[in-house]
Amino acid sequence: MNTSEEELAPTPSGDPLESLVGRNCALDLFDRALAGVRNGQPTMIEFVGDPGTGKTRLLREVAARARRAGVPVLAAAGRDGDQVERALGTLLGPPATDPPGAAQRCPPLLLLLDDLHTVSPATAALLGRLAQAPPPGLLWITAYRPRQMPSRVRVALAAGIQLSRRAVTLTPLDPASVAALLGLPEGRAAQRVHGLSGGVPRYVLAYRPGALDGPVAALRDLPAELPVDVTSAVQLDLDGLTDEQRQMLEAVSVCPDGFEPALAGALAERGPEVTSDLLDALVAADLLRTDSTEASTLRFRHEVDRAVVYRPLPPGRRRRLHATAASVLRDAGHPVTRYAEHLSASGQCAEPATADALIEAAETRLVPRLDAIRWLTNVQRLLPAAEVTEPRRTRLEFAMADALVGTGQLRQARTLLQELSRRPLADCDQRLRALAARARVERLLGRPFDAYALLLPHRDEGVEPHTHFSLTVEAAIAGVLCGSAGAAEHARRLDLLAEQTGEPVCATTAAVVQAFVAAYTDCGIPVRETLDRASAEVDAFADTDLARHPDLLALLGWAEYFHERERSALHHFDRALDICCRAGLVALTPWLLIGRCAVTGRLGNLDRAQVEGEDAEEVAVAMGIDPLVALARAYRAIGVAWRSGPAAARHLADIAVLDSSTRRENWYDGASQRVSIRLRFLSGDRAGSTSMLLRACGGDDLDQVELTNRACWASALAEMAHKAGRRDEATRWLDVAERYAERLGLRGQSALTRTARARLALEVDPRRAAELAAAAADTFATLGWRLEEASARLVRARALCEAREWAAAEVELAETRRIAELIDSPPLRRAVASEQSRAAGAAGRLPDATAGGELTLTRREWDIARLVAAGASNAEAAEQVYVTVKTVEAHLTRIFRKTGVSSRAGLAALLVSGAVNHQGSGEDRGSTPRRTRFDR
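Procedures and definitions
- Residues numbered from 1 in each chain as written.
- Predicted model: local features only at pLDDT ≥ 70, side-chain atom pairs only at ≥ 80, totals over all residues.
- Heavy atoms only, no water.
- Buried < 20%, exposed > 50% of the residue type's maximum accessible area, 1.4 Å probe, protein only.
- Helix = DSSP H or I, 4+ residues; strand = E, 2+ residues; numbered from the N terminus.
- Pairing = 2+ DSSP bridges.
- Right-handed = clockwise from strand over helix to strand, strands pointing away.
- Axes fitted to C-alpha atoms, helices over the stretch in contact; angles between N-to-C directions.
- Contact = heavy atoms within 4.5 Å.
- Expected span 1.5 Å × (residues − 1).
- Arc of directions from axis to C-beta.
- Parallel < 35°, antiparallel > 145°, perpendicular 65-115°, else oblique.
- Left-handed = near helix turned anticlockwise from the far one by under 90°.
- Nonpolar A, V, L, I, M, F, W, Y, C, P; charged D, E, K, R; others polar.
- Core = buried A, V, L, I, M, F, W, Y, C linked by side-chain atoms within 4.5 Å.

This brings us to the pairing of strand β3 (residues 109-114). Across the 6 residues that make up β3, a large majority, 5, are buried. Both strand β2 (residues 73-77) and β3 contribute to a ladder of 5 bridges, which runs parallel. Opposite Ala77, over in β3, you have Asp114 as the bridge partner. Here β3 runs beside strand β4 (residues 138-144); their pairing, made up of 5 bridges, is parallel. Bridge pairing in β4 places Leu110 opposite Leu139. Chirality of the crossover, the property in question, places the unit of β3, helix α5 (residues 121-132) and β4 among those that are right-handed.

Laid out in structure tokens, this is it:
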């Protein structure tokens, strides 16, 4: 960038410089060097980086800091030779006649030289002179591009043996710094921009308008209008080209995927030798680079640079260049996907052969779906009506519907598929293919009931094996999401249907769908073996194969999450998101992001879970899928509860289900409702919570809850019944939970049940509660479920306090606090602090059970304790010992304080344990103890 002295100067007072992120190390080095040169030692700092890495912006910041410190600044840019020579001449003037030692007292001076790679040979000689005899107190800072740095300048700088030299390479920004530069929260939007821009600040800013607009998953291309400062910076590089070089660069700008020299020559109408020389010059100017994966292919330095060159081209020249590129690539035998963009942009879509080629390219799965829509739209617009034969029209509309689904335009796709399925197609398989595709769209819209209703009448129609298999796959998935009892039967039939197709991918699809269905209902398959096989086979597929079957990774990830294989689920969700981003497949993105939110939340990464949930909600809102919006908010609310408490999370969860009453029953809304009710209960609003949760679970059979989570929700119902004082009901629900956990063999569900059982046993048998909670905590620690591990350890600590094992309780509380700090959960920290305070208070009054200590009550306290433990009310106890009710209440307060228990049931358990004794006291001394009715 050609930067003048004025451009390097700081902005006027009160108008701060634009944001500078990710360069703290460079600024720290400058601050230390500035302090060092005050001793007279001349120093050079070199800021080295590719175009757009922020070298000039960094020099502006350095200049501003120096001026604030009262240090004079000389600034110049390499492209302006006169300016540089004037600055150097100031420093290379006649030597001063100062007395010896005066050099040490020379004030510091800052010299800034930007774009050092552009200086002339004469200026390079002056640089060499300055490097050899730098004035005392000089802080010399240069910035240059290493790929374009002439050897003469390197040699000149190397002559500075008296200079203390330090070089700082300005690397690309990380995703967090990209988010800061864009003014966005850390999340998938910043990660996506980071991937597109390579973290180079100039290119990050080019994508900024798109990053701030619309769903992040749809961001895959440059915005229609590039920021002026970005285009201006690139244009400065173009200004130094000759006319022939510029013409060559414009010619190859029609090739977004790179080009070979032969194609460049054909586009620019130049011979091989001239083409080679021009391309070499453009590579030397760092506008073109060799493809890292294919040495014979050249690309623009970045897509932003190509767009700046390509977009101003006149329309007529663009079409001619694209037509030439399409012809050359087709004649060279390249696949149609390589030249489809050229065919579409050349205006040749009116030719039937071109239309067929574009439809074929659009059907290729890894082609970005937005590109496919553009190609197909051009075919629809330009192909003469006479050439739109029925087979070509049907093929075109199927391809368009698929592309619309991929980009998340689900309602437009549904309309197109409705028209296709109603049309009297000659081929019955095509009609049913349209029906299956339409059912998938309904499912993706969060309407599995409608999807299942579409498929049910046609599931046994006599069609070819592939169509029959596709219908049954969709029926199994939609059926289980809407709670149909027939879903298990559909899943069981898939093995036979896959065998009839004779294709390995169908067998893998059958295994994945069966594992997914088995998470919701019992379909009689060996789940562990099926999941192992499905995971291994899916991992063996190439991305191109998975792009043809995008649901595979999503279904497999959710099946693994439900079956407690979190790390494998994360791997498959991540791979699916990567494929979706590259192919522009938006439809599955909210479902995948919610899956990542669920997994990362379970593993205790609350920050990551929150980001994933917010991104999922953003995309689902943009696509208008209300059930997925609600589900994303519900999973987010779980993380909010651990961060800010259930009351704060309840509001988010309640919003998630406000409008679900207007929809038919489906799994998405059921899951959201259960989370909302649970948070309402935990926040203290317990009125009717149990009955509401039971309805959301589908009644006593819990048939609206996925099979793999029934133990969890049965345990929740047990806790709610226990809190309401219905101990028998709580015990019944725990028995239900244990049966489900034992039947499924899921360790996490079994541990959840043990934690619930420990809570129930806390007051009557604290040592048993401690054993159960310890076993649960150990299991959770093995699984990596940090949140549940913390909950189990807290229950164990409370049980140990009830059993008066203070030292062991403190160990558990310390470990729980460590987890609270690790996951950054203030509510958990407060719970630990409260329990520590309670334990410390009780430990100061009561002996440690492990030390053989014994609790002592007065005779009157003993009488009242025995009466209350036997079930007497306060009034009945008062009548038995001939005192007032208030006296009984006062005695009970002292009894609870002494024993450390907080309930009558806990007191009864303590008396049964034999840990309590009684003796006479001052009030009894010298008097005959009264005989109570209890003693008769």
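Strands sit in the order β2-β3-β4-β1-β5 across an open sheet of 5 strands; the sheet is parallel. On the outer flanks of this sheet lie β2 and β5 (164-169), each paired with one strand and no other. For this sheet, the mean angle separating the axes of adjacent strands, direction not counted, is 15°. Bridge analysis of strand β1 (residues 43-48) against β4 gives 6 bridges, and the strand direction is parallel. Counterpart to Phe47 in the pairing with β4 is Ala143. Helix α4 (residues 81-91) rests against β2, β3 and β4 of the sheet, and its axis sits at about 150° to β2.

Here we take up helix α42 (residues 806-823). Between its terminal C-alpha atoms α42 stretches 26 Å, which fits the 26 Å expected from 18 residues at 1.5 Å a residue. Listed as buried for α42 are Trp806, Ala809, Glu812, Leu813, Thr816, Ile819, Ala820 and Ile823. For α42, the angular spread of the buried residues around the axis is 140°, confining them to a single face. Across α42 from its buried face, at more than 90 degrees, point the exposed residues Ala807 and Val811. In the segment just after α42, Asp824 is the residue with positive phi, at about 60°.

Below, the discussion takes up the packing of helix α39 (residues 747-761) against helix α41 (residues 786-802). Running from amino to carboxyl end, α39 crosses α41 at an angle of 25°, the nearest separation of the two axes being 10 Å. Considering their axes alone, α39 and α41 lie roughly parallel with respect to each other. Here α39 runs over α41; the crossing is left-handed. Each of Leu752, Thr755, Ala758 and Arg759 in α39 lies in contact with α41, whose residues at this interface are Glu788, Ser791, Ala792 and Val795. For the contact of α39 with α41, a count of residues per class yields 4 nonpolar, 2 polar and 2 charged.

With that settled, the discussion passes to the nonpolar core. Trp558 and Trp667 are the most contacted members of the largest nonpolar core, which totals 145 residues. Those residues in contact with Trp558 that lie beyond four places of it in its chain are Phe516, Phe573, Trp591, Ile594, Gly595, Ala598, Tyr635 and Trp667.

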